[in-house]
Amino acid sequence: MGCLLVIAAGAGAGYLQARKLSMRVRFLEQYLKWVSQMETEIRYGTDGISRLLDRHKKELPALSFLSQCVKRMEEGAPFPEAWRKAIQGISKEYGLKPDDLEAVQAFGNGLGTSDVDGQTAHCRMHQKLLQSRLKGAQEEKQKKGKLYFMLGLCLGVSVALLIA
């Protein structure tokens with residue numbers, strides 16, 4: 001019975017590592033979708049930044065940091081500070097790399113700092129960056145996802161054999 005628990009623990013650890021890769025892909029997909037929507041709304045809309053952020057929080061659950069940013073802005077924090085603190089609150093479960101977080105921070109730093117044409121150009125540039133990051137994340141998930149699970153399982157079986 002103990003050996004089965006050790007094997008299950010190894011497989012579970014491998015699964016959790018593989019899940020982080022999937023969650024990173026999910027986050028980047030939803031973030032890319034949001035940036036694309038932001039470009040359209042900036043070009044054709046007249047809403048303020050908090051309204052633009054607030055509008056998408058329900059349809060993109062991986063982007064819960066948007067709600068945090070809006071909440072901080074409602075409490076009186078200026079947008080750059082609210083954005084920075086919301087980024088710090090992004091859950092580790094998404095498996096984001098430091099470069100991913102820097103890209104998200106950089107987008108917020110440029111948001112609302114120029115005219116409509118400058119903002120849409122900022123969104124398009126960020127979309128290209130995100131597409132390359134998403135492609136890399138998808139490739140990493142494809143290559144390493146099964147590997148992590150199998151390594152965890154093999155480690156669990158190895159330990160179980162040693163203690164049996």
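Predicted, not measured: the structure shown is a model, and the values here were computed from it.

On to the overall build of the protein. Scanning the protein from terminus to terminus reveals 6 helices and 0 strands. In terms of overall size, the protein is more extended than a compact globule, its C-alpha atoms giving a radius of gyration of 20 Å where 164 residues would be expected to give roughly 15 Å. Its C-alpha atoms put the protein at 70 × 30 × 25 Å along the principal axes. For the protein, the residues scored as buried account for 38% of the 164 residues in total. Taking the intrachain contacts of the protein between residues at least 6 apart in sequence as the baseline, contacts between residues at least 24 apart amount to 69%. A total of about 9500 Å² of accessible surface is found on the protein, and carbon and sulfur atoms cover 57% of it. The distance from the centre of the 24 positive side-chain charges to the centre of the 17 negative ones in the protein is 7 Å.

Bringing the pattern of salt bridges into the picture now. One pass over the structure, following the stated rule, counts 6 salt bridges. In this structure, Asp 100 engages Arg 133 in a salt bridge whose closest nitrogen and oxygen atoms are separated by 2.6 Å. Taken together, the residues span a long stretch of sequence, with Asp 100 in helix H5 (residues 98-110) and Arg 133 in helix H6 (residues 116-163) at a distance of 33 residues. Classification of Arg 133 by relative accessible area gives buried; the value is 18%.

Time to look at the confidence of the model for the protein. Per-chain confidence: the protein averages 84 in pLDDT, with 98% of residues scoring 70 or above. Mean pLDDT in the protein bottoms out at helix H2 (residues 49-55), which sits at 73, and peaks at H6, which reaches 88.

Another aspect to go through is a nonpolar patch on the surface. Side chains of Tyr 15, Leu 16, Phe 149 and Met 150 sit close together on the surface and give an oily, nonpolar patch of about 400 Å² of accessible area. Breaking the nonpolar patch down by element, the ones donating at least two residues are helix H1 (2-44) and H6. With respect to the helices and strands, the residue Tyr 15 is situated in helix H1. The exposure class of Tyr 15 is partly exposed, given its relative accessible area of 46%.

This brings us to the layout of surface pockets. In this model, the largest pocket occupies a volume close to 160 Å³. Around the largest pocket, the lining is made up of 14 residues, and of these Ile 42, Asp 47, Leu 52, Val 116 and Gln 119 lie nearest the centre. Counting only elements with at least two residues in the lining of the largest pocket, the list comes to H1, H2 and H6. Classifying every residue of the lining of the largest pocket by side-chain character gives 5 nonpolar, 6 polar and 3 charged.

Membership of the largest hydrophobic core comes to 35 residues, with the highest contact counts inside it found for Phe 27, Tyr 31, Trp 34, Leu 53, Phe 65 and Trp 83. Elements represented by at least two residues in this core include exactly H1, H2, helix H3 (65-74), helix H4 (79-88), H5 and H6. Of the residues forming this core, the biggest block, 10 residues, is contributed by H1.

Conventions used here
- Residues numbered from 1 in each chain as written.
- Predicted model: local features only at pLDDT ≥ 70, side-chain atom pairs only at ≥ 80, totals over all residues.
- Heavy atoms only, no water.
- Helix = DSSP H or I, 4+ residues; strand = E, 2+ residues; numbered from the N terminus.
- Rg over C-alpha atoms; globule rule 2.2 N^0.38 Å.
- Buried < 20%, exposed > 50% of the residue type's maximum accessible area, 1.4 Å probe, protein only.
- Contact = heavy atoms within 4.5 Å.
- Areas by Shrake-Rupley, 256 points an atom, 1.4 Å probe, with all protein chains shown as cover.
- Lys, Arg positive; Asp, Glu negative; His and termini not counted.
- Charge placed at Lys NZ, Arg CZ, Asp CG, Glu CD.
- Salt bridge = Lys/Arg side-chain N within 4 Å of Asp/Glu carboxyl O.
- pLDDT = per-residue confidence, 0-100.
- Patch = residues over 30% accessible without salt bridge, like charges linked within 9 Å, V, L, I, M, F, W, Y side chains within 5 Å.
- 1 Å grid on protein atoms, 1.4 Å probe; cavity = no way out; pocket = protein on both sides within 12 Å on 5 of 7 lines; lining within 4 Å.
- Points joined across faces, edges and corners; volume = space filled by probe spheres on them.
- Nonpolar A, V, L, I, M, F, W, Y, C, P; charged D, E, K, R; others polar.
- Core = buried A, V, L, I, M, F, W, Y, C linked by side-chain atoms within 4.5 Å.

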